[in-house]
There are 2 protein chains.
Amino acid sequence: MQEHPNENKSPDIPDTDTLYNLSELFKVFGDATRIRIISALLDGEMCVFHLSEALGMGQSAISHQLRILRSAGLVKPRRSGKTVFYSLDDEHVKLIYDMGLAHIRHKNNEGGAL
Amino acid sequence: MQEHPNENKSPDIPDTDTLYNLSELFKVFGDATRIRIISALLDGEMCVFHLSEALGMGQSAISHQLRILRSAGLVKPRRSGKTVFYSLDDEHVKLIYDMGLAHIRHKNNEGGAL
DNA sequence: TCAACATATGAATATTTGTTCATATGAGAA
DNA sequence: TTCTCATATGAACAAATATTCATATGTTGA
């Protein structure tokens, strides 16, 4: 036996279909506008108009991106009168977001050392 | 004042530049070929030829994608004679990958319930 | 040096995708 | 109902991107 950190030699390779879905999920995170929306929603729900103001983009562009985020199950809408408030659907969203940020910062900090 | 659930009003919103880099990171995960490469490398290093065989794709396509993965700091090469072995650069890669899988499975399991 | 092999790279092409513009849907107020 | 406001949607265009083909780089062995 070896004392390497990763003991689980699981040939747990998901099928191609699952990996495709996984790539589709990350693709949703892989756009600057959508990430900015997610980032804005970390502090709580926000309506479409407010989002478009915060990001300095047209309402239509935001709405289109919200639809993609919604289809992916990353955000969910709440209607209140004429306005629709969006919020993160799931704690996983924040976890994935934070994990990505951690990676970036990790890479930034080793930049000078290597 | 209102008593909304999210009290932590942390204006910890990263600057647009950082969020752009974050989206670029997720964009790298957001391709089926690259995710399959990452998935294959979870079990250990693999050479380019073997990877192209495992994925049933041309060597050039794999090489192109490996370059993207390498630039993003997700995989690293190790040369041994003529062959180059690739492995995951960083534990974060597996963490992000696993987090994404967890999200997908989570969503699949709530599909019937909601 | 030359030949054979493994990988990397560049150009070209086809597909995907984000934004804009115009318009449609839907809710509240009069 | 009709007007207005907030959001959603569809079409069109521009930009980004993955794969293929051809070729270059670099290593090993003769």
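Refer to the structure printed above.
(A) Inspection of the relation of the copies chain B and chain A at higher detail. Between chain B and chain A, the superposition needs a rotation of 180° and an axial shift of 0.0 Å, giving an RMSD of 0.0 Å. As the rotation angle and translation indicate, the two copies are arranged about a two-fold axis. Both copies present the same face, since 93% of the interface residues in chain B are matched by interface residues at the equivalent positions in chain A.

(B) Seen up close, the environment of Cys47(A). All names here are of chain A. By the element assignment, Cys-47 lies in strand S1 (residues 46–47). For Cys-47, a relative accessible area of 16% gives the class buried. Sequence-wise, Cys-47 and Phe-85 are 38 residues apart; in three dimensions their C-alpha atoms are separated by 4.1 Å.

(C) Representation of the protein's contact with DNA strand D. Within the structure, DNA strand D sits among 25 residues, and Ser60(A), Ser63(A), Tyr86(A), Thr33(B) and Ser60(B) are positioned closest to it. One of the side-chain nitrogen or oxygen atoms of Ser63(A) is found 2.8 Å away from a phosphate oxygen of DNA strand D. His64(B) is positioned such that a nitrogen or oxygen atom in its side chain is 3.4 Å from a base oxygen of DNA strand D. Listing elements by their share of the surface near DNA strand D, those giving two or more residues are helix H3 (48–55), helix H4 (59–71) and strand S3 (83–88) of chain A together with helix H2 (32–41) and helix H4 (59–71) of chain B. Looking at the surface near DNA strand D, its residues break down into 8 nonpolar, 10 polar and 7 charged.

About the criteria used
Residues numbered from 1 in each chain as written. Chains lettered and ligands numbered in written order. Predicted model: local features only at pLDDT ≥ 70, side-chain atom pairs only at ≥ 80, totals over all residues. Heavy atoms only, no water. Least-squares fit on C-alpha atoms with pLDDT ≥ 70 in both. Contact = heavy atoms within 4.5 Å. Helix = DSSP H or I, 4+ residues; strand = E, 2+ residues; numbered from the N terminus. Buried < 20%, exposed > 50% of the residue type's maximum accessible area, 1.4 Å probe, protein only. Near = heavy atom within 4 Å. Polar contact = N/O pair within 3.5 Å; in protein donor to acceptor, adjacent residues only side chain to side chain. Nonpolar A, V, L, I, M, F, W, Y, C, P; charged D, E, K, R; others polar.

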